[in-house]
Amino acid sequence: MSMIDTPANLKLNARLEPYIAIIGPLAMILAILLFMGAVEPARYFRASNLNLILLDAALYMPMAMGMTFVITQRGIDLSIGSIAALSAIIMAFLIKQYGFSVYVAIPVAIALGALMGLVNGLVITRFNVPDLIGTLAMDLVYRGLALVLAKGLVLARFPEFLTDMGRGQIPGFVPIPVLIGIATMIAGYFMLTRTYFGRYTIAIGSNPEAAELTGVSVKRHKVYAYVLCGACAALAGVMLTGKLNAIQATSAPYFNLHVIAAVVVGGTSLFGGRASMLGSFAGVLLLSMMINALVTLRIEFFWQSVASGVVIVSSVALYAWIQKKDRDGAGGLLAGLSTPEGYKMLRFSAAIIGLLIALLAIGALLAENPAPSG
């Protein structure tokens, strides 16, 4: 028996394994904090900027919760941005043109989001359309409906209750949207770890055929996941409307990519069967902190795309390796790190963190010395 296989180490592995997913995003968060502490501590760590980071992250938390269930079942939902926009547009019309109370319009918007998620699930399960193609097509449908309904209008100036959901703050406490976002993540954690729905979700992602043989209705539970994701997207659309105090049909164009990136960075496997709600929370926070750091350093928008791509590729590579260690019976991540391949992966992870810091530094230098025009 090797040193890593001693009973004490095996027991430690079992205790730490559920939290392995958040190690990657936490390491990157720490790298960003250290870098910004060295180059822009006054601007980055002031209370108003930290508040902006939290507000930005809160907007994506509900969608990250729903997307975690979808991806865990080996699915994908590319329509959440359009669902958010269409739900918010209908809510805005109900309030502005038809005089509905905000207390009625918001639940209607969330119910419509769930209905659109139901349509997504039925398209995928009843017509056997691949998740990627089905949700991409429905994204076009929902966005088109939003454009048809809005006709280029920007609907603005909503009741205080709605704006509080997007940017309100309890005096001396955290912003209200942050409370909403954290509440959805806690609810998602409970569903994932304490309910049959969460267990079936992981079982379906691990092996759909085996789950079907044990009596789990795979298609029905896939539909449930898309319904949940649609409702969460609509909630995000409501929060976005409150944050901007306005909404238009072209809103939320990149929500899907941002949310999928956050969930994958947090350790939920695109290959299914591995999920971490804590990791999704850390992934959302990481991306918001990274984008805010780039803005604080006055770096061009295009560098934000470069940094986001580096983080996504490195995270997928890391968690694909983790899953391979599980399949090979290496005893989990901690046991796998003791192998030569594990040391190679550690060096790769360190290199990625270094590359992220280098991108921040290069972008900052270019921002201070812009290229001459003309």
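Model, not experiment: these values are computed from the prediction.

Cut-offs and rules
Here the residue numbers are simple positions, counted from 1 along each chain's written sequence. In view of the model being predicted, local features appear only for residues whose pLDDT reaches at least 70, and side-chain atom pairs are presented and counted only at 80 or more, with totals across whole chains, interfaces and linings using the full set of residues. Just so you know, side-chain values use all the structure's heavy atoms and leave hydrogens and water out. Each helix corresponds to a stretch of at least 4 residues labelled H or I by DSSP, and each strand to a stretch of at least 2 residues labelled E; elements are numbered beginning at the N terminus. Think of it in three bands: with a 1.4 Å probe and only protein chains considered, a residue is buried below 20% of the maximum accessible area for its type, exposed above 50%, and partly exposed in between. Contacts are residue-level and defined by heavy atoms, with any inter-residue pair within 4.5 Å sufficient. Under the convention used here, a 1.4 Å probe and the Shrake-Rupley method define accessible areas, while residue burial counts only the protein chains that appear. One speaks of a salt bridge when a side-chain nitrogen belonging to Lys or Arg is within 4 Å of a carboxyl oxygen belonging to Asp or Glu. Without a salt bridge and with relative accessible area above 30%, a residue can belong to a patch; like charges are then joined within 9 Å and nonpolar side chains (Val, Leu, Ile, Met, Phe, Trp, Tyr) within 5 Å. To pair, rings of Phe, Tyr and Trp, with the six-membered ring standing in for Trp, must have centres within 6.5 Å; the planes then decide the type, stacked if under 30 degrees apart, edge-to-face if over 60, and tilted in the middle. Put simply, a charge is over a ring when the Lys NZ or the Arg CZ is close to the ring centre, within 6 Å, and near the line of the ring normal, within 35 degrees.

Novice: Looking at this structure, how should I read the overall build of the protein?
Specialist: Each helix and strand in the protein was counted, giving 17 helices and two strands. Out of the 374 residues in the protein, the part that is buried amounts to 50%. In the protein, the share of contacts with a sequence separation of at least 24, taken over all contacts with a separation of at least 6, comes to 78%. Carbon and sulfur atoms form 70% of the exposed surface of the protein, whose accessible area is close to 17400 Å².

Novice: How should the pattern of salt bridges be read in this particular structure?
Specialist: Any two side chains of opposite charge can pair, so long as their charged atoms come close to each other. Under the definition given, this model contains two salt bridges. Residue Glu40 is joined to Arg43 by a salt bridge in which the shortest nitrogen-to-oxygen separation is 3.7 Å. Notably, a salt bridge pairs Asp131 with Lys222, separated by 3.4 Å at the nearest N-O pair. Of the two residues, Asp131 is situated in helix 7 (residues 131-150) and Lys222 in helix 12 (residues 218-244); the sequence distance between them amounts to 91 residues. There is no split in this pair, since Asp131 and Lys222 are both buried.

Novice: Even after reading the chapter, I still don't get the side chain of Thr163, so can you show me in this structure?
Specialist: Position of Thr163 among the secondary structure elements: in helix 8 (residues 160-167). If sequence neighbours within four positions are ignored, Thr163 has contacts with Phe158, Gly168, Gly242 and Asn245.

Novice: Mind showing me how you'd approach a nonpolar patch on the surface here?
Specialist: On the surface, Tyr98, Phe100, Val104 and Val108 cluster together to form a nonpolar patch covering roughly 360 Å² of accessible area. Note that Tyr98 resides in the loop between helix 5 (80-96) and helix 6 (102-126).

Novice: Just to check I follow, could you spell out the packing of aromatic side chains for this structure?
Specialist: The relation between two aromatic rings is expressed through the spacing of the ring centres and the mutual angle of the planes. Scanning all chains against the criterion turns up five aromatic pairs. A centroid spacing of 4.9 Å and a plane angle of 55 degrees characterise the contact between Tyr103 and Phe161, whose relative ring orientation is tilted. Separated by 58 residues along the polypeptide, Tyr103 in helix 6 and Phe161 in helix 8 bring together distant segments of the chain. Over the ring of Phe158 we find Lys96, and its NZ or CZ is 5.8 Å from the ring centre.

Novice: Would you mind showing me how to read unusual backbone geometry here?
Specialist: Across residues other than glycine, the phi torsion is negative in most instances, and most of the peptide bonds are trans. Phi is positive for Arg74, which is not a glycine, with a value near 70 degrees. Following the sequence through the fold, Arg74 ends up in the loop between helix 4 (47-72) and helix 5. Phi at Arg157 is positive, roughly 65 degrees, even though this residue is not glycine. In this structure, Arg157 sits in the loop between strand 1 (155-156) and helix 8.

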